[in-house]
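Reading the structure
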Amino acid sequence: MAEKDQSKPLAPAGYNLRSDEEEAMSRELKKLPPRKYIKCCGCITALILIQAVILLVLAFTIFRVKDPVIKMNGMRIGPLELEDSTNLTLVADVSVKNPNVASFIFSNATTSITYNGTVIGQARTPPGKAKARRTLRMNVTVEIIPEKIMAVTRLLSSRAINISSYTRIAGRVKIIKIIKKKCCRETELHHDG
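As the structure is a prediction and not an experimental result, all values here were calculated from the model.

Our focus in this paragraph is the overall build of the protein chain. Each helix and strand in the protein chain was counted, giving five helices and nine strands. Beginning at the N terminus, the succession of helices and strands in the protein chain can be written as α-α-α-β-β-β-β-β-β-β-α-α-β-β. Considering the protein chain as a whole, with its 193 residues, one finds that 26% of them fall into the buried category. Expressed as a percentage of contacts within the protein chain between residues at least 6 apart in sequence, the contacts between residues at least 24 apart total 64%. In the structure as shown, the protein chain presents an accessible area of about 14600 Å², 58% of it carried by carbon and sulfur atoms.

Okay, here's the thing in structure tokens:
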């Protein structure tokens, strides 16, 4: 029984004995022609190149970050409060069209109402998110500053007024948390009323 336990002699640590199976396997590998190795490496290289080309095409077409389109759809006079007749509000209808494959996240937007180059009202809209390939519509309530109206005397004497609105929205688009682009768009609307 003692002879069976020690069928292999002890070898030094730096010397490895090979079993018959390992030797047979190494002989089989040596028998394979180098053509198969070349074909295997060629197929792997071709797959990697195809993936790289696909990623490059996607980066220049679908994943290209485009600026959002901001449009001022119109303005209307808000409800008049009888107890406080000095405050006048305008409601501006603003839409943000996002043509990207990712959401457009924007910070506070500013809308200004001007008359002959003088700002007579201003409003801030809260931050928001325009979903991918969708249009987000917002109603922005702008309070007209009474002191500014009084400073513009032609505004009070004319029956029809010509006002302009200006909206600026700044934000960013992130695609797959890798491609990031900051966007800032502006729109202007002239309204004859």
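Attention shifts here to helix α3 (residues 34-60). End to end, α3 covers 39 Å across 27 residues, agreeing with the expected 39 Å (1.5 Å per residue, within 8%). Summarising burial for α3: zero of the 27 residues are buried, a small minority.

The next subject is the UniProt feature "transmembrane region" (unreviewed entry) in the protein chain. On the UniProt side, "transmembrane region" (unreviewed entry) is annotated at positions that read residues 37-63 here. Span residues 37-63 is 89% helix and 0% strand, its end C-alpha atoms 37 Å apart.

If you check the backbone angles, Arg133 has positive phi at about 55° while not being a glycine. The residue Arg133 is located in the loop between β6 (128-130) and β7 (135-144) in this model. Residue Arg133 is classed as exposed on the basis of its relative accessible area, which comes to 53%.

A separate point is the side chain of Thr167. Looking at the element boundaries, Thr167 is found in strand β8 (residues 162-175). A polar contact of 3.2 Å, which involves the side chain of Thr167, links it to the side chain of Thr111.

There is a patch of like positive charges on the surface, built from Arg172, Lys174, Lys177, Lys180 and Lys182. Topologically, Lys177 is positioned in the loop between β8 and β9 (179-192). We classify Lys177 as exposed; its relative accessible area is 72%.

With that settled, consider the pairing of β7. The pairing of strand β2 (residues 88-97) with β7 spans ten bridges and is classified as antiparallel. Bridged to Leu88 within β7 is Ile144. Here two bridges tie strand β5 (residues 118-125) to β7, and the two strands are oriented antiparallel to one another. Considered in β7, the bridge of Gly121 is made with Ile144.

Moving on, we come to the pattern of salt bridges. For the structure shown, the criterion picks out one salt bridge. Here Arg137 makes a salt bridge to Asp93, at a shortest N to O gap of 2.2 Å. With Arg137 in strand β7 and Asp93 in strand β2, the pair connects residues that are 44 residues apart, well separated along the chain. Classification of Asp93 by relative accessible area gives buried; the value is 16%.

By size, the foremost hydrophobic cluster in this structure holds 27 residues, and its most contacted members are Val94, Val96, Phe104, Ile113, Ile163, Ile169 and Val173. When contributions to this core are tallied by element, the ones reaching two or more residues are β1 (69-77), β2, β3 (104-106), β4 (109-115), β5, β7 and β8. Ignoring anything within four residues of it in the chain, the contact list for Val96 reads Pro68, Val69, Ile70, Phe104, Ala130, Arg134, Thr135, Leu136, Met138 and Ile169.

Parameters and conventions
- Residues numbered from 1 in each chain as written.
- Predicted model: local features only at pLDDT ≥ 70, side-chain atom pairs only at ≥ 80, totals over all residues.
- Heavy atoms only, no water.
- Helix = DSSP H or I, 4+ residues; strand = E, 2+ residues; numbered from the N terminus.
- Buried < 20%, exposed > 50% of the residue type's maximum accessible area, 1.4 Å probe, protein only.
- Contact = heavy atoms within 4.5 Å.
- Areas by Shrake-Rupley, 256 points an atom, 1.4 Å probe, with all protein chains shown as cover.
- Expected span 1.5 Å × (residues − 1).
- UniProt positions renumbered as here; feature names shortened; annotations may be inferred.
- Polar contact = N/O pair within 3.5 Å; in protein donor to acceptor, adjacent residues only side chain to side chain.
- Patch = residues over 30% accessible without salt bridge, like charges linked within 9 Å, V, L, I, M, F, W, Y side chains within 5 Å.
- Salt bridge = Lys/Arg side-chain N within 4 Å of Asp/Glu carboxyl O.
- Lys, Arg positive; Asp, Glu negative; His and termini not counted.
- Charge placed at Lys NZ, Arg CZ, Asp CG, Glu CD.
- Pairing = 2+ DSSP bridges.
- Core = buried A, V, L, I, M, F, W, Y, C linked by side-chain atoms within 4.5 Å.

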